[in-house]
Amino acid sequence: MTENTGNLDRTDPKNGLSSEEANERLRQFGLNELEQVKPESVWSILLRQVNSVIVWILAAAAVVSFFLGDALEGYAVIAVILINAITGFVLEYNARQSMEALRKLDMTPARVLRNKLIVEIASEQVTIGDILILEAGDLVPADAVILEVNQLTVDESALTGESVPSAKTTDASPEDAPLGDRHDRLFKGTAITNGNAKAMVTHIGQTTELGKIATMVNEATRTATPLEAKLDSLAKVLIWVTLGMASLFLIVGLIRGQEIKQLIETAVALAIAAIPEGMSVVATVALAYGMLRLAEKKVIVKRLSAVETLGGTNVIFTDKTGTLTQNKIEVHALRVAGNDLTVRLNADNAAGQTLEVTKGDQDLIHSPDLEMLARIGALVNNAQLSSSKSERKELGDPVEIALLSYARAAGIDLHKLHQDYQRQAEQAFSSDTRIMATLDQVGSEYFIGVKGAVEEVSALCHWNSQEDRDKELEISEQMAADGLRTLAFAYRQSSNKPEKDFTKTEKLTYAGLIGFLDPPRKEVIKSLNACHEAGIKVIMVTGDHPATSLKIAKQVNLVEAEEQLVLTGKDLESFDFSSLEDQEKMMECRVFARVNPAQKLDMIDFYQKQGDIVGMTGDGVNDAPALKKSDIGIAMGLRGTAVAAEAADMVLKDDSFASIVHAIEQGRVIFENIRKFILFLLSCNMSEIFVVTFAGFLNVGSPLLPLQILFINIITDVFPALALGVGKDNKNVMKSGPRDPKQPILELSDWKRVVFYALVMTGSVLGVYWYAIDRLGLSAEEGNTITFYALSLAQLLHVFNLYSGKLRFFDNEITRNKFIWMALALCILIMFITNYAPFFRQILSLEELSLQALELILAAGFLPVLVNQMLRVFFPVK
């Protein structure tokens with residue numbers, strides 16, 4: 001977006017816009033606000049719950065039932081449809097407020113120069129050419145070019161991902177520079193952390209960098225989740241099975257000259273038998289239960305299907321700042337008295353932190369040289385740091401806060417230090433001098449402290465030789481190459497009060513170098529190792545400096561220590577994604593730096609086209625489009641912006657990468673549970689199809705009525721399936737790689753198991769039905785009752801056939817699942833009630849059971865389990 005330079009030229013930087021000119025520009029360019037996006041309607045969400053092939057088939061079955069006069073059966077089917085729809089609607093209703101969250105960034109006043117006066121106006125009234133007056137603590141209301149600046153630093157982490165505030169100047173930056181390198185520009189939604197400035201507005205509303213991201217959030221679309229797609233694919237298979245069996249049955253019946261009404265009723269029974277009515281409810285409840293378990297681990301899931309999707313994720317794009325790192329600056333490396341140290345500040349107690357040397361001479365920790373370096377850092381400092389048992393207060397520039405923390409850890413009493421050293425003068429940091437200096441009086445002596453760029457500080461110091469200075473410059477460059485931000489320190493003590501330009505009256509003594517780093521989160525290494533073991537590819541995507549990004553990647557074991565490959569946003573601009581060479585480089589690279597929001601979308605799209613399920617973590621405004629575009633967006637709850645949280649599918653309340661690993665594990669467990677209960681439901685439903693179809697082909701009557709089938713599907717099938725869906729005992733789920741995203745829920749081997757289980761149950765049930773009618777001479781009604789209860793019991797006990805691997809029959813994840821036993825007890829109780837309550841016997845057309853009938857039912861129920869367990873000895877299940 002180009003600037004309206006004609007309007008900018010007509011703005012007087014000293015007087016600002018006149019009221020008339022401001023109103024004219026507001027009419028011309030509009031208000032400084034983001035476009036509103038109409039949220040998804042309640043009706044649209046509700047319609048989505050019933051827009052599935054399974055619901056359509058059930059609706060058709062209900063219509064046919066009403067047409068044939070079976071109103072009770074029709075109402076029962078409609079009730080099933082409504083229960084499914086209401087459950088899904090209540091659990092999935094989630095208003096998407098990404099754009100509203102973006103607009104909340106606008107709800108702050110702005111100070112502008114109008115009619116030669118500084119006035120405060122609503123941020124939406126800011127227009128092109130307005131002169132902004134900004135100081136520490138302000139949010140920038142619009143994109144602007146800096147006119148005047150005084151020690152200005154800006155927190156742009158929400159836009160760029162950089163944890164260190166950006167120092168601003170009036171020196172022009174290249175137009176094609178990344179956002180983080182445009183040092184003469186200010187961007188809407190960023191925060192002034194230090195200094196003050198005067199700037200001229202160049203872009204407002206949707207044309208700002210924040211507005212462009214808002215547009216991308218709106219335009220980024222999410223395809224159906226893998227689980228939704230697979231369940232839909234499974235439903236299509238069931239449709240063909242239903243149509244095939246019903247058509248075959250009708251053709252055979254017509255050839256035999258059977259009554260058309262009876263044939264249609266049986267076809268309806270087949271349709272009801274083929275559709276696992278409880279599948280969507282069980283899937284929804286299983287996912288919802290997973291949501292509750294994840295909430296206990298500080299993971300808030302906003303979309304039900306997101307739980308399973310994360311379980312299938314095989315690529316995770318993660319932001320650096322605040323995700324892999326702590327989003328705070330700490331002293332990491334020291335160069336003092338010719339010695340190099342790597343240090344770490346460890347939390348000790350409420351009093352503060354302790355300093356630990358992790359690399360270098362441990363004895364130097366108590367040396368006078370190191371104490372002097374820490375003292376200078378604390379004196380040449382305008383930040384405030386105070387700690388109590390209840391809280392820790394920090395105010396000021398993050399680097400200066402890090403220096404205070406380091407000084408305190410090195411044993412310096414900050415309160416006493418500032419009592420003893422009384423500041424007499426200060427030379428503020430500027431882009432011209434690149435140093436900050438202070439003059440303090442301590443007793444009758446004077447102390448001069450200086451910090452800044454090593455080139456400038458070293459030029460003020462006395463050196464034994466040029467080689468010594470060159471050595472320090474070389475080490476500083478190496479620290480910068482390692483991703484550290486460096487500052488040099490120097491001092492001079494004097495018995496006489498120095499002149500005004502106190503840094504140049506005499507040469508200073510060089511004290512050393514300090515390298516700063518945003519430290520990695522402690523739990524990240526273990527979490528990344530777990531991802532690696534689980535076959536998940538983790539990729540860092542950040543707007544930060546390449547060297548800093550690679551340094552962090554090595555520290556958390558994201559890449560090997562010798563890894564040097566880092567791709568930047570500029571590299572990606574020249575990429576040809578159709579080129580095999582560029583594709584290989586993309587797949588090989590694990591660290592991407594200086595990447596803008598649009599490029600994040602391109603990268604996610606690239607991996608999705610490779611067939612991967614892509615997860616994206618982030619916390620800033622710059623992450624929002626990618627969070628929405630990815631298959632599973634994961635926002636950080638503590639440090640994250642409202643924009644990121646609204647665009648994501650799940651939010652980590654503790655900002656811990658370890659929580660992602662817990663979520664992945666839970667997602668895999670849930671998918672395995674879903675696979676098990678689908679195996680259970682399909683084998684049960686297919687046994688019903690076989691019982692009805694084979695009985696029809698054999699012309700032995702109707703062993704099951706449509707309403708009886710519906711009762712079995714809703715009651716005795718659903719409760720055990722629910723128990724399977726909420727199981728949580730699967731210790732090896734993270735020991736193997738993620739499943740192939742192209743792989744269906746049920747593979748060919750699973751379908752073979754379904755058919756086999758169904759045939760065994762069918763043979764057992766039809767066997768007792770034949771024996772009751774043919775050998776015992778029972779009536780058709782009694783035979784129908786025996787078939788109903790025999791099939792119900794066989795299906796209930798079938799749950800014990802679904803344990804995984806080579807576990808023992810009496811000790812596995814099924815027998816250890818308390819919900820399984822609760823479901824079996826409930827279903828057996830319901831079976832007793834249906835037989836001994838006249839009301840239910842009448843509705844279901846059942847007869848009272850005799851002792852002989854009960855024996856047949858028990859035999860038909862337990863026989864399939866015995867057969868399956870015997871065959872399992874010879875043909876183990878994986």
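Here the structure is shown first, and the text comes after it.
Residues numbered from 1 in each chain as written. Predicted model: local features only at pLDDT ≥ 70, side-chain atom pairs only at ≥ 80, totals over all residues. Heavy atoms only, no water.

1. As for unusual backbone geometry
The criterion, for reference: To qualify as a helix, a DSSP run of H or I must reach at least 4 residues; to qualify as a strand, a run of E must reach at least 2; elements of each kind are numbered from the N terminus.
A positive phi angle is found at Ala337, which is not glycine, with a value near 50°. Inspection of the secondary structure puts Ala337 in the loop between β10 (330-336) and β11 (339-349). Here Arg594, not a glycine, exhibits a phi torsion of approximately 50°, which is positive. Residue position: Arg594 is located in the loop between β22 (591-593) and α22 (597-609).

2. Re the packing of aromatic side chains
Selection rule: Under the pairing criterion, centres of Phe, Tyr and Trp rings, with the six-membered ring standing for Trp, must be within 6.5 Å; the plane angle then separates stacked pairs below 30 degrees from edge-to-face pairs above 60, leaving the rest tilted.
For the coordinates displayed, the defined rule picks out 13 aromatic pairs. Centre to centre, the rings of Phe66 and Tyr75 are 5.0 Å apart; their planes meet at 80°, and the pair counts as edge-to-face. Between Trp463 and Tyr510, the ring centres sit 4.8 Å apart and the planes meet at 45°, which makes this aromatic pair tilted. Here Trp463 is found in the loop between α16 (454-459) and α17 (466-481), whereas its partner Tyr510 is found in strand β19 (residues 509-517), with 47 residues between them in sequence.

3. Digging into the pattern of salt bridges
Once their charged atoms are close, side chains differing in charge can pair, the charge on each being opposite to the other. Selection criterion: One speaks of a salt bridge when a side-chain nitrogen belonging to Lys or Arg is within 4 Å of a carboxyl oxygen belonging to Asp or Glu. Categorising residues by exposure relies on relative accessible area from a 1.4 Å probe, with only protein chains included: less than 20% of the type maximum marks a residue as buried, more than 50% marks it as exposed, and the intermediate range marks it as partly exposed.
A full pass over the atoms with the stated rule returns 29 salt bridges. Between Glu135 and Arg111 there is a salt bridge; the shortest N-O distance is 3.8 Å. One end of the pair, Glu135, is in strand β3 (residues 131-135); the other, Arg111, is in strand β1 (residues 109-114), and 24 residues separate them in sequence. When its relative accessible area of 42% is taken as the criterion, Glu135 is described as partly exposed. Between Arg841 and Glu848 there is a salt bridge, with the nearest N and O atoms lying 3.8 Å from each other. When its relative accessible area of 16% is taken as the criterion, Arg841 is described as buried. According to the relative accessible area criterion, Glu848 is exposed, its value standing at 55%. One network of salt bridges, in which partners are shared, links Glu672, Arg675, Asp750 and Arg753.

Limitation: the analysis is restricted to geometry and does not speak to function.
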